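Residues per chain are reported as follows:
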Amino acid sequence: MMNKILARFGRKSKEKNNDESYYTAGQLSLIKGRFKSKTSGVVAAFILVTFVMMGFFAPFMSPINPTIEGADADYRRGAPQAFYFWDDNGFSLRPFSYTYEKDRPKIDLRALASGGLDALDAFTSSGALSSSSQNKFNIDKNQRRYIQFFVQGWEYSLIDLSVGSLDLDLRWDRHLFGVEQGQIHLMGTDEDGKDVFSRTLHAIWVTVSIAIVALIVKLFMSLLVGGVSGYFGGRVDTVLMSITEAVRVIPAIPIYLACAVALSQMDLTPIQRYFAIAVVIGALDFATLGRRLRTHILTERNQDYILAAELCGSSTWRIIWRHLIPSFSSYIIVDTLINFPYVILAETSLSFLGLGLTEPVNSLGVLLQKAQDPDIQQNMIWQFFPVLVFVLLIMAFVFVGDALRDAADPYSEKK
């Protein structure tokens, strides 16, 4: 009897504490709690974090140098190499791969020496000119190559804090996995022998970092233009919205072409070109979010809580940044995340025009552009692995953005 009474009072006390914690929790805590209730958002967030972390630690995760220095001349245009735990020779606790050897085309030298049409037929039938025959490798299943972890390989920069004459470049040569002899290509190689898996991991971080910088530029310009225009109104609103409409009306392609011509006259390093791309993409994409933010602030600036903030002596910038913009935070979060794939597509478009990153730089835009080659589509289908990564990355951002939108909406639980 006493246990029932204690359990009954304990349950009520717990519910009361939960209610109190709900009404006293901050905005971030409430958003976090609502987000955890969205299964699709949590799964997408896990996939997104996994991809981003793999891209950030790409040198450690990559078994092979993704540049031309790490190209495998003996395995050009090679298919993906899987690893196994058992085969006809028995079971192994250690995963292993096989040894691959190039299948040499057989040429009839007698027919070639005779000349004429017979020589031409012999040369073409040998497969020496066929692209598909160049992908054939003989697999020696009797010679295993065991997978090893934390192996020593090519050296890369772990932390680079070098500034001017100060050299603080910490380098390391350890990698997550490798094989005893030779190299392992989980997703095959391209026509130069460069590892597709390692290139994709490095491309993830390059593309994500470009998108982050571009979206930061876009978000800053949108908040500045939309906040100032919506709060002050009048002539300030007219001038800023005229500039915004001009940016929206002018097609992006001519501006990209003009930027391509301007940047082609400059001697830019890959890092400088990288930041130029991010700034151009972000600067041309602020108009839509800026106009919607301006419309929201025009509606909210006459509310009672804004009047109360003015009577308390709050400055104009404090009212804009601390009261008006946070009231529109759910849309800003969703717009920023969902625009991520469009930033990647913009970077891909710039690559076609010569303004974006090009070979041998690794980015998803470069690898997607390369996948359009008919030779790759017919004979090296494994080079579509970056396309799959791109699709999963975009879908993860979309689901995370949708879940964050519902979590940031204070009325989502009542809908």
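Residues numbered from 1 in each chain as written. Predicted model: local features only at pLDDT ≥ 70, side-chain atom pairs only at ≥ 80, totals over all residues. Heavy atoms only, no water.

Structural notes on unusual backbone geometry
Even without being glycine, Arg-77 reaches a positive phi, approximately 55 degrees. Locating Arg-77 in the fold gives a position in the loop between α4 (58-61) and β1 (84-87). In this structure, Phe-150 takes a positive phi of about 55 degrees despite not being glycine. Tracing the sequence through the fold places Phe-150 in strand β3 (residues 137-160). (Helix = DSSP H or I, 4+ residues; strand = E, 2+ residues; numbered from the N terminus.)

Details of the nonpolar core
In this structure, Ile-281, Phe-340 and Leu-393 are the most contacted members of the largest nonpolar core, which totals 57 residues. At 11 residues, helix α18 (residues 385-408) tops the list of elements feeding residues into this core. Aside from chain neighbours lying at most four places away, what touches Phe-340 is Val-208, Ala-211, Leu-215, Leu-393, Ile-394 and Phe-397. Counting residues in hydrophobic clusters, the runner-up holds 12 residues, among them Tyr-231, Ile-306, Ile-325 and Ile-332. (Core = buried A, V, L, I, M, F, W, Y, C linked by side-chain atoms within 4.5 Å. Buried < 20%, exposed > 50% of the residue type's maximum accessible area, 1.4 Å probe, protein only. Contact = heavy atoms within 4.5 Å.)

Some remarks on the pairing of strand β2 (residues 90-102)
Moving residue by residue along a regular strand, the side chains alternate between the two faces of the sheet. Bridge count for β1 against β2 is 3 bridges, and the pairing is antiparallel. The residue bridging Trp-86 from the neighbouring strand is Phe-91, located in β2. Between β1 and the antiparallel strand that follows it, β2, lie 2 residues. (Pairing = 2+ DSSP bridges.)

Thoughts on the side chain of Arg-144
Here Arg-144 shows up in strand β3. Of the polar contacts made by the side chain of Arg-144, one reaches the side chain of Asp-87; its length is 2.6 Å. Reaching out from Arg-144, the side chain makes a polar contact with the side chain of Tyr-146 at a distance of 3.3 Å. Each residue touching Arg-144, except ones within four places of it in the same chain, is listed here: Asp-87, Asn-89, Gly-90, Ser-92, Phe-96 and Ser-97. (Polar contact = N/O pair within 3.5 Å; in protein donor to acceptor, adjacent residues only side chain to side chain.)

Description of the packing of helix α12 (residues 304-311) against helix α13 (residues 316-324)
The contact between α12 and α13 brings their axes to 11 Å, and the two run at 140 degrees. The orientation of α12 with respect to α13, classified from their angle, is oblique. The handedness of the crossing between α12 and α13 is right-handed. Each of Tyr-305, Ile-306, Ala-309 and Glu-310 in α12 lies in contact with α13, whose residues at this interface are Ile-319, His-323 and Leu-324. Among the residues forming the contact of α12 with α13, the class breakdown is 5 nonpolar, 1 polar and 1 charged. (Axes fitted to C-alpha atoms, helices over the stretch in contact; angles between N-to-C directions. Parallel < 35°, antiparallel > 145°, perpendicular 65-115°, else oblique. Left-handed = near helix turned anticlockwise from the far one by under 90°. Nonpolar A, V, L, I, M, F, W, Y, C, P; charged D, E, K, R; others polar.)

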